[in-house]
Amino acid sequence: MVSELIKSALGRLRIIAFLEGISFILLLGVAMPLKYFAGIPQAVRIVGMAHGVLFVLFVLLLIQVATEKSWSFKKSALSFLSSLVPFGTFYADSRWFRN
């Protein structure tokens, strides 16, 4: 299944959206508490860097897919905004990325 997703820009967006969503949840739910409650700031550095890279990839792929698929501004903007909310990319995948 993953090999089929990698073949299209939309499939790559779905994969990166999933990974970006996981990294965001790990950042907020694991790394931040480790930093502030356990005094382990390295967790935020590691997970934060991974999340940052995945976020940039998400935005670039979103622009590519929105252009290729001629998405409306509203759909593109809502897809972007979904990446700013925990669990948002999972909603976006189920709502807009499964075409």
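These numbers come from a predicted model, not from an experiment.

(A) Quick peek at the UniProt feature "domain: DUF3817" (unreviewed entry) in the protein chain. If you check UniProt for "domain: DUF3817" (unreviewed entry), the listed places come out as residues 11-96 in our numbering. Secondary structure content for residues 11-96 is 85% helix and 0% strand, while the C-alpha to C-alpha distance between its ends is 12 Å.

(B) Quick peek at helix α4 (residues 73-82). Listed in full, the buried residues belonging to α4 are Lys75, Ser76, Ser79 and Ser82. Buried positions in α4, seen along its axis, are confined to an arc of 125 degrees and lie on one side of it. Facing away from the buried side of α4 by more than 90 degrees, the exposed set consists of Phe73 and Lys74. Where the residues of α4 are buried, they touch α3 (42-68) and α5 (88-95).

(C) Structural detail: the UniProt feature "transmembrane region" (unreviewed entry) in the protein chain. UniProt's entry tags residues 12-34 and 46-66 with the feature "transmembrane region" (unreviewed entry), counted in the numbering of this structure. Across residues 12-34, the secondary structure splits into 100% helix and 0% strand, with the terminal C-alpha atoms separated by 31 Å. Structurally, residues 46-66 is divided into 100% helix and 0% strand, and its ends, taken at the C-alpha atoms, are 30 Å apart.

Reading guide: rules and limits
- Residues numbered from 1 in each chain as written.
- Predicted model: local features only at pLDDT ≥ 70, side-chain atom pairs only at ≥ 80, totals over all residues.
- Heavy atoms only, no water.
- UniProt positions renumbered as here; feature names shortened; annotations may be inferred.
- Helix = DSSP H or I, 4+ residues; strand = E, 2+ residues; numbered from the N terminus.
- Buried < 20%, exposed > 50% of the residue type's maximum accessible area, 1.4 Å probe, protein only.
- Arc of directions from axis to C-beta.
- Contact = heavy atoms within 4.5 Å.

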